Amino acid sequence: MKFTFLNNISIIAKTILHYALSLQFKPLIKLIFIIPVIILNFTINHCFLLIDNLLFNYKKITIKRPFFIIGFPRSGTTFLHKMILKDNQFTTPKLWELIFAPSIIQKIIYNKISNLFSNYKLLNKTNQIFRPLTHSLDNIHEINLNNPEEDYLFLIPYGGCFLLTLIFPIDDIWRLYNFDQNFSMQDRIKLLSKYESLIKRHLYYHGKEKTYLSKNPHFTCFLESLKIAFPDCNIIGCHRDPKKTLPSVMSSMEPGYRLMSRKISSDKNHFIHMYQEYFSVLKQNHLNNKNFMLLHMNDTKNNLVSTILKIYTKFKYQINNTSLIQIKAESKKSKKFKSQNTYSLQHFQLENINFVEKFNEYYSFLDKN
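Conventions we followed
- Residues take numbers from 1 onward in each chain, read along the sequence in its written order.
- For a predicted model such as this one, the threshold for reporting local features is a pLDDT of at least 70, and the threshold for listing and counting side-chain atom pairs is 80 or more; totals across whole chains, interfaces and linings nevertheless cover every residue.
- As a rule here, side-chain values cover all heavy atoms of the structure and leave hydrogens and water aside.
- Every helix listed is a DSSP run of H or I at least four residues long, and every strand listed is a run of E at least two residues long, numbered separately from the N terminus.
- Computation of the radius of gyration draws on C-alpha atoms, with the globule rule given as 2.2 Å multiplied by the number of residues to the power 0.38.
- The cut-offs for exposure are 20% and 50% of the maximum accessible area for each residue type, with area from a 1.4 Å probe on protein chains only; residues under the lower value are buried, those over the upper are exposed, and the others partly exposed.
- Contact between two residues is taken to exist if any of their heavy atoms lie within 4.5 Å; hydrogens are not considered.
- The positive count covers Lys and Arg only, the negative count covers Asp and Glu only, and His and the chain ends enter neither.
- Here the site of a charge means NZ on Lys, CZ on Arg, CG on Asp, or CD on Glu.
- Any cysteine sulfur atom paired with another within 2.5 Å is treated as part of a disulfide.
- Any two strands between which DSSP finds at least two bridges are classified as paired.
- A pairing counts as a salt bridge when a side-chain nitrogen of Lys or Arg comes within 4 Å of a carboxyl oxygen of Asp or Glu.
- Note on method: axes are straight lines fitted to C-alpha atoms, helices fitted across the in-contact stretch only, with angles between N-to-C directions ranging 0 to 180 degrees.
- Geometric relationships in this document are graded by angle, where less than 35 degrees denotes roughly parallel, more than 145 denotes roughly antiparallel, 65 to 115 denotes roughly perpendicular, and other angles denote oblique.
- Polar here means any residue outside two lists: the nonpolar Ala, Val, Leu, Ile, Met, Phe, Trp, Tyr, Cys and Pro, and the charged Asp, Glu, Lys and Arg; Gly therefore counts as polar.
- Planes of paired rings set the category: under 30 degrees apart is stacked, over 60 is edge-to-face and the rest tilted, where pairs are Phe, Tyr or Trp rings (Trp by its six-membered ring) whose centres lie within 6.5 Å.

Some details on the overall build of the protein
Tallying secondary structure elements over the protein gives 17 helices and five strands in all. Taking 2.2 N^0.38 as the reference for a compact globule, 369 residues should give roughly 21 Å; the C-alpha atoms of the protein span a radius of gyration of 20 Å, in line with that estimate. Dimensions along the principal axes, computed over C-alpha positions, put the protein at roughly 50 × 50 × 45 Å. Looking at the protein as a whole, 49% of its 369 residues qualify as buried. For the protein, contacts bridging at least 24 residues in sequence account for 80% of all contacts bridging at least 6. Of the side-chain charges in the protein, 48 are positive and 26 negative, and the distance between the mean point of each set is 5 Å.

Overview of the side chain of S331
Structurally, S331 can be placed in helix α15 (residues 321-336). On the accessibility criterion, S331 (6% relative accessible area) is buried.

Things to note about the state of the cysteines
Defined simply, a disulfide is a covalent bond joining two cysteines at their sulfur atoms. All told, the structure shown has zero disulfides when counted by the stated rule. The structure places no disulfide on C221, whose sulfur is separated from the nearest cysteine sulfur, that of C161, by 15 Å. Note on C233: no disulfide assigned, nearest cysteine sulfur contributed by C238 at a separation of 15 Å. With a relative accessible area of 3%, C233 lands in the buried category.

A word on the sheet that holds strand β3 (residues 211-215)
Spatially, five strands are ordered β2-β3-β1-β4-β5 in an open sheet, and the strand pairing comes out parallel. A single partner strand is all that each edge strand has here, and the edge strands are β2 (90-91) and β5 (292-296). For strand β1 (residues 67-71) and strand β4 (residues 234-239), the ladder comprises five bridges, and the chain directions are parallel. Considered in β4, the bridge of I70 is made with G237.

Section: the pattern of salt bridges
Applying the stated criterion across every chain yields a total of 12 salt bridges. Measuring nitrogen to oxygen at the nearest pair gives 3.9 Å for the salt bridge that ties K333 to E330. Highlighted residues: K333 and E330, both in helix α15, separated by three residues, approximately one helical turn. Of the residues examined, E330 reaches a relative accessible area of 19% and is grouped as buried. Among the charged side chains, a salt-bridge network with shared partners connects K86, E330 and K333.

Points about the packing of helix α2 (residues 25-55) against helix α5 (residues 104-116)
Close contact between α2 and α5 brings their axes to 7 Å; oriented N to C, the two are set at 105 degrees. Taken together, the axes of α2 and α5 are roughly perpendicular relative to one another. On α5, the residues that touch I44, N45, F48, I51, D52 and L55 of α2 are I104, I105, Q106 and I109. Its residues assigned to classes, the contact of α2 with α5 comprises seven nonpolar, two polar and one charged.

Re the packing of aromatic side chains
Overall, the coordinates contain 25 aromatic pairs when judged by the stated rule. Taking the centre distance of 6.2 Å and the plane angle of 90 degrees together, the rings of F42 and Y158 count as edge-to-face. Of this pair, F42 sits in helix α2 while Y158 sits in the loop between α6 (122-134) and α7 (171-174), and the two are 116 residues apart along the sequence. In this pair, the class of F42 matches that of Y158, namely buried. Both rings, one in Y312 and one in Y317, keep their centres 5.9 Å apart while their planes meet at 75 degrees; by these two values the pair is edge-to-face.

Structural data, given as structure tokens:
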């Protein structure tokens, strides 16, 4: 069985063996220091999750028409997520909840403490502690405990989060980028039932009437499983030229690789295959799923207001005037925005990759549409 505590022990053991046999002693030493922190965090969170079962009747909550934003990493998913969150009918977890407070009781305790010591601005002080590790990502993806974040972080303790490849570079974790194909139905449902339980806790605390909004590019290959777990879900798939997004996503993950004394270029083939699989999913749903909408990054950057209105119309959401005014203001900024980030294909050893050949299906699709 996958996605269990025993399986996580196996993943740790395999990773230690991998580093030892390949004589990668720096990552091995860092892993030995990181593992106790992960286990401690998981143990604390798990205890509070068990307490939830005794105190709160969250299991009876119905998750109505959850909204998933998936697609290529670095294709405008974060920006779209922030724009839709201007509307308070939607709710999504913040980073502090995902890491430190997945349970209802933890949310209550941490908010009580935060209110009690509001003058001390505890979250801001905690953010400052991590600034030396996160500041290099500010132009790419700001790491802030108070920001809405990708909720696949919920799945870290269960070995179901793709980001674990930073620490555990073994096939057991890389297989997640083709989740629906690589895992049995039993294992997929097992992991998604845990995810569903965490969403119900979130809604119990933040509002049972709200629509749950999830933004996870790496959920793209979870999509068939998500549709089984949430049959009435709505989905947006974002995309952008792989020649731009591939080096961009590798750049965003490079600080994590450096932290583990690893080179991201050694995994370039994994990222190429990941994008190929992701587009196959996007195309299939574009053609066959009436609850799916495909968006190019330019749609949100250059035509934000009309794109948001199309989304609301397609999925039958009602937008309020306050949210629309805010989105219109952001639209003016987005049209003027020019990224300061530049990505070198050579830096990631991608200069000899024939993108037209590797992503022929993607470019052919663009030509026809």
